[in-house]
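Chain by chain, the residues:
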Amino acid sequence: AEYNGYKVYGEDGGQMPPDDAAALTDFIRAIDSPLDIAVLSDEELEKSGLLHMIGEEVDRIYLEEVKTVTVDQALISEMSKEMSLVFTPLHGTGKMLGERALKNAGFENFTLVPEQAEADSDFPTVKSPNPEDAGAFEYAEKLGKEIGADNLVATDPDADRLGAAIRESDGSYEVLTGNQIASLMVNYLLLAKKEANQLPDNAVVLKSIVSSEFPTVIAESYGAKMVDVLTGFKFIAEKIKQYEEDGSQTFQFGFEESYGYLVQPFVRDKDAIQALVLIAEVAAYYKKKGQTLYDGLVELYEEHGYYQEKTISVT
């Protein structure tokens, strides 16, 4: 409840950049008495066409676009039963679309955490419903140990952030940082596209300025450019729009260290459903090699150097 608020999105689907947001704020502040504004009932709004409740028709279009996130369908088909996931939506909105997106991509071997599968705004099983907090994985870890799952994945309540944990040799689970997850994703995407001759010469990855430089050296090793933007995914969306208009770069991936990732720019904000499908594919890639996601991370450290970060959250 303490996070209640709202975000305003522009016509391109991205959060409004500062200039647009300022214009909107100025408009609101110019209103003498907000309580005197005439309003219509929901019924009148729907009848007039001003209010349109979205549902399955938008879900279908979205899920069709999510199919473009996966890179190697043959790999997924081969490993869909081998690589196992425990998925928790942490009582949030990720269950319905996440489950459908995984199935559409061809992943079969995933298990939902039953205690956290239903939406509940009281979030009764966690202190904080945030995958950045390792404690949010408590129920997923318990289930993972019971069934021997390779990986645990969690989406936050509004399904724009994704966290992951991987099973170690002793059966325990290590929660990855947002920077580590991004590094694995960047490496896999660029490697797979390069091998398929689909990596453009002007490839670009976008990240917030407070995120790790580890993905930067990985991206540059494939000839891709890394561009830093100010904190806030709206600045990543702003760059995507710019590149589409001027053609100077071709967007490949965007992320911020706080577990926010974007693979395909049909969405203009961080998207945990896209990230869920991609991290499953990355896990399948390493599983085929007889490795875990952590093994893949160690390989990247050995190749590019060691990076360590720690985020301190002050409340």
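Above: the structure in question.
Note that this is a predicted model, so its numbers are computed, not measured.

Chemist: Is there a simple way to explain helix 9 (residues 233-246) in this structure?
Modeler: An α-helix turns once per 3.6 residues; consequently, residues spaced three or four apart project the same way. Spanning 14 residues, helix 9 covers 20 Å between terminal C-alpha atoms, matching the ideal 20 Å at 1.5 Å per step. All buried positions along helix 9 are accounted for by Phe233, Phe235, Ile236, Ala237, Ile240 and Tyr243. Where helix 9 is buried, its residues meet helix 1 (18-29), strand 6 (203-208), strand 7 (225-229), strand 8 (250-256) and strand 9 (260-262). Once helix 9 ends, the next one or two residues include Gly247, with phi positive near 70°.

Chemist: Before we go on, may I ask you to explain the nonpolar core in this structure?
Modeler: The tendency in soluble globular proteins is for nonpolar side chains to be buried as a group. Phe253, Tyr261 and Leu278 are the most contacted members of the largest nonpolar core, which has 75 residues in total. If sequence neighbours within four positions are ignored, Leu278 has contacts with Val69, Met185, Tyr188, Leu189, Phe253 and Val263. Ranked by size, the runner-up nonpolar core spans 14 residues in total, among them Val86, Val126, Ala154 and Ala165.

Chemist: Help me understand the sheet that holds strand 4 (residues 162-167) in this model?
Modeler: Whenever strands of a sheet pair, they do so through backbone hydrogen bonds, lying parallel or antiparallel. Taken together, the 5 strands give an open sheet; going across it, the order is 2-1-3-4-5, and neighbouring strands pair in mixed fashion. Lying at the two open borders of the sheet, with one neighbouring strand each, are strand 2 (110-112) and strand 5 (173-175). The sheet shows a mean angle of 25° between the axes of neighbouring strands, taken without regard to direction. Summarising the sheet, strand 1 (residues 85-88) and strand 2 pair through 3 bridges and their orientation is parallel.

Chemist: Explain the packing of aromatic side chains to me, please; I cannot follow it from the model alone.
Modeler: Within a pair of aromatic rings, the relevant descriptors are the distance that separates the centres and the angle that separates the planes. Following the criterion strictly, the structure yields 8 aromatic pairs and no others. The interplanar angle of 20° and the centroid separation of 5.4 Å between the aromatic rings of Tyr301 and Tyr306 together place this pair among those described as stacked. A relative accessible area of 10% places Tyr301 in the buried class. With a relative accessible area of 63%, Tyr306 lands in the exposed category. The structure contains a cluster of three or more aromatic residues connected by ring pairs, namely Phe214, Tyr301, Tyr306 and Tyr307.

Chemist: For this particular structure, what's the right way to read the pattern of salt bridges?
Modeler: Two side chains of opposite charge can pair, provided their charged atoms sit close to one another. This structure, assessed with the given rule, holds 17 salt bridges. Here Glu64 and Lys67 are joined by a salt bridge, their closest N and O atoms 3.3 Å apart. Overlapping salt bridges bring together Glu56, Arg60 and Arg100 as one network.

Chemist: What is the right way to look at unusual backbone geometry in this model?
Modeler: In terms of backbone geometry, most residues other than glycine have negative phi values and most peptide bonds are trans. The backbone of His91 shows a phi angle near 65°, a positive value even though the residue is not glycine. Mapping His91 onto the fold places it in the loop between strand 1 and helix 5 (94-105). A relative accessible area of 5% means that His91 is categorised as buried. A positive phi is found at Asn197, a non-glycine position, where the angle reads about 55°. Residue Asn197 is classed as exposed on the basis of its relative accessible area of 73%.

Chemist: I keep staring at the sheet that holds strand 7 and nothing clicks. Help me out?
Modeler: Taken together, 4 strands build an open sheet; the order of strands is 7-6-8-9 and the sheet is mixed. Only two strands of the sheet have a single neighbouring strand rather than two, namely strand 7 and strand 9. Averaged over neighbouring strand pairs, the angle between their axes works out to 20° when direction is ignored. The sheet contact formed by strand 6 and strand 8 spans 5 bridges and is parallel. Directly across from Lys207, in strand 8, lies its bridge partner Phe255. Lying over the sheet, helix 8 (residues 214-221) contacts strand 6, strand 7 and strand 8, oriented at roughly 150° with respect to strand 7.

Chemist: Would you mind going over a nonpolar patch on the surface with me for this structure?
Modeler: A contiguous nonpolar surface patch, about 480 Å² in accessible area, is contributed by Tyr6, Leu24, Phe27 and Ile28. Take Ile28: it is sitting in helix 1. In this structure Ile28 comes out as partly exposed when scored by relative accessible area, which is 45%.

Chemist: In this structure, what is going on with the packing of helix 10 (residues 272-288) against helix 11 (residues 293-304)? I would like to understand it.
Modeler: When two helices pack together, their arrangement is given by the angle between their axes and by how far apart the axes lie. Running from amino to carboxyl end, helix 10 crosses helix 11 at an angle of 80°, the nearest separation of the two axes being 8 Å. The angle between the axes of helix 10 and helix 11 places the two elements in the roughly perpendicular class. From helix 10, Ile279, Val282, Ala283 and Tyr286 reach across to helix 11, where they touch Leu293, Gly296 and Glu299. Of the residues assigned to the contact of helix 10 with helix 11, the class counts are 5 nonpolar, 1 polar and 1 charged.

Conventions used here
- Residues numbered from 1 in each chain as written.
- Predicted model: local features only at pLDDT ≥ 70, side-chain atom pairs only at ≥ 80, totals over all residues.
- Heavy atoms only, no water.
- Helix = DSSP H or I, 4+ residues; strand = E, 2+ residues; numbered from the N terminus.
- Expected span 1.5 Å × (residues − 1).
- Buried < 20%, exposed > 50% of the residue type's maximum accessible area, 1.4 Å probe, protein only.
- Contact = heavy atoms within 4.5 Å.
- Core = buried A, V, L, I, M, F, W, Y, C linked by side-chain atoms within 4.5 Å.
- Pairing = 2+ DSSP bridges.
- Axes fitted to C-alpha atoms, helices over the stretch in contact; angles between N-to-C directions.
- Phe/Tyr/Trp six-rings, centres within 6.5 Å; stacked < 30°, edge-to-face > 60°.
- Salt bridge = Lys/Arg side-chain N within 4 Å of Asp/Glu carboxyl O.
- Patch = residues over 30% accessible without salt bridge, like charges linked within 9 Å, V, L, I, M, F, W, Y side chains within 5 Å.
- Areas by Shrake-Rupley, 256 points an atom, 1.4 Å probe, with all protein chains shown as cover.
- Parallel < 35°, antiparallel > 145°, perpendicular 65-115°, else oblique.
- Nonpolar A, V, L, I, M, F, W, Y, C, P; charged D, E, K, R; others polar.

Everything listed here is a matter of coordinates, which is why it stays silent on function.
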